[in-house]
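# Structural description and commentary
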Amino acid sequence: MSSTCVPPAPPTGGTLSEDAGIRRGALDEAVPEALLAAAYASALGLPTLLLVGDADPLADREALVRTAKSLPCARLSAVRDAHHDVLNDMQRRSVAAEIVTFLETLCNELVPVGTVDSGAW
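This write-up is about the structure you can find in this document. If you're wondering where the values come from, they're calculated on a predicted model, not measured in any experiment.

## Remarks on the overall build of the protein chain
Assigned secondary structure in the protein chain consists of three helices and two strands. Going from the N terminus to the C terminus, the protein chain shows its helices and strands as α-β-α-β-α. A total of 121 residues make up the protein chain; the buried ones form 14% of that total. Accessible surface for the protein chain amounts to roughly 9900 Å². Of this, 57% is attributable to carbon and sulfur atoms.

## So, a nonpolar patch on the surface
The grouping of Leu103, Leu106 and Leu110 at the surface amounts to a nonpolar patch, some 230 Å² of accessible area in total. Summarising the element assignment, Leu103 is placed in helix 3 (residues 92-107).

## With respect to the side chain of Asp89
Inspection of the secondary structure assignment puts Asp89 in the loop between strand 2 (74-79) and helix 3. Buried charge Asp89 goes without a salt bridge, the closest partner of opposite sign being Arg92 at 6.9 Å. Excluding anything up to four places from it in sequence, Asp89 contacts Asp81, Ala82 and His83.

## So, the pattern of salt bridges
For the coordinates displayed, the defined rule picks out one salt bridge. The partner of Arg75 in a salt bridge is Glu98, and the shortest N-O contact between them spans 2.6 Å. Placement of the pair is Arg75 in strand 2 and Glu98 in helix 3, with a sequence separation of 23 residues. For Arg75, a relative accessible area of 37% gives the class partly exposed.

## Description of helix 3
The periodicity of an α-helix, 3.6 residues per turn, causes residues three or four positions apart to be oriented the same way. Its 16 residues place the ends of helix 3 23 Å apart at the C-alpha level, agreeing with the 22 Å of an ideal helix rising 1.5 Å per residue. Along its buried surface, helix 3 packs onto strand 1 (48-53) and strand 2. Among the residues trailing helix 3, Glu109 stands out with phi positive, at a value near 55 degrees.

## Here's the deal with the pairing of strand 1
Relative to strand 2, strand 1 runs parallel, the two being bridged by six bridges. By the bridge assignment for strand 2, Leu50 is matched with Leu76. Since strand 1 and strand 2 lie parallel, the crossover through helix 2 (residues 61-70) that links them has a hand, and here it is right-handed.

## Some words on unusual backbone geometry
The phi torsion at Asp81 lies on the positive side, around 65 degrees, for a residue other than glycine. With respect to the helices, strands and loops of the structure, Asp81 is situated in the loop between strand 2 and helix 3.

## Some words on the side chain of Asp56
Note on placement: Asp56 falls in the loop between strand 1 and helix 2. Of the side chains with opposite charge, Arg61 comes closest to the buried, unpaired Asp56, at an N-O distance of 9.5 Å. At a separation of 2.7 Å, a polar atom in the side chain of Asp56 contacts the main-chain amide nitrogen of Leu58. Other than its neighbours up to four places away in sequence, Asp56 contacts Ala82, His83 and His84.

What counts as what
Residues numbered from 1 in each chain as written. Predicted model: local features only at pLDDT ≥ 70, side-chain atom pairs only at ≥ 80, totals over all residues. Heavy atoms only, no water. Helix = DSSP H or I, 4+ residues; strand = E, 2+ residues; numbered from the N terminus. Buried < 20%, exposed > 50% of the residue type's maximum accessible area, 1.4 Å probe, protein only. Areas by Shrake-Rupley, 256 points an atom, 1.4 Å probe, with all protein chains shown as cover. Patch = residues over 30% accessible without salt bridge, like charges linked within 9 Å, V, L, I, M, F, W, Y side chains within 5 Å. Salt bridge = Lys/Arg side-chain N within 4 Å of Asp/Glu carboxyl O. Lys, Arg positive; Asp, Glu negative; His and termini not counted. Contact = heavy atoms within 4.5 Å. Expected span 1.5 Å × (residues − 1). Pairing = 2+ DSSP bridges. Right-handed = clockwise from strand over helix to strand, strands pointing away. Polar contact = N/O pair within 3.5 Å; in protein donor to acceptor, adjacent residues only side chain to side chain.

Read these as layout, nothing more, since geometry by itself doesn't imply function.
Okay, here's the thing in structure tokens:
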């Protein structure tokens, strides 16, 4: 694995209130149009992992499927029996493994590091 694929360790010991880039109430503000345009521009071609709980009452699963299909390099992973916050749901270890697999695939030039050739449960 290339060392360029390993993200830097997050800072520790601080709090959000000490971060000058964080403002109280900012989530109530509209997202700047330029940022939205950049996020939705499929020309970017950035690999994207979309995670959704299949029991999420807030997520529009059909819209997520359409979004994943519209992006040039996207993977939509549905987490069985998970709700809105899949990283903190009962299946959080499986979700973490999915994220690691996605990152390993990015580091391997978008070739999955493992595949299932056959299976019978």
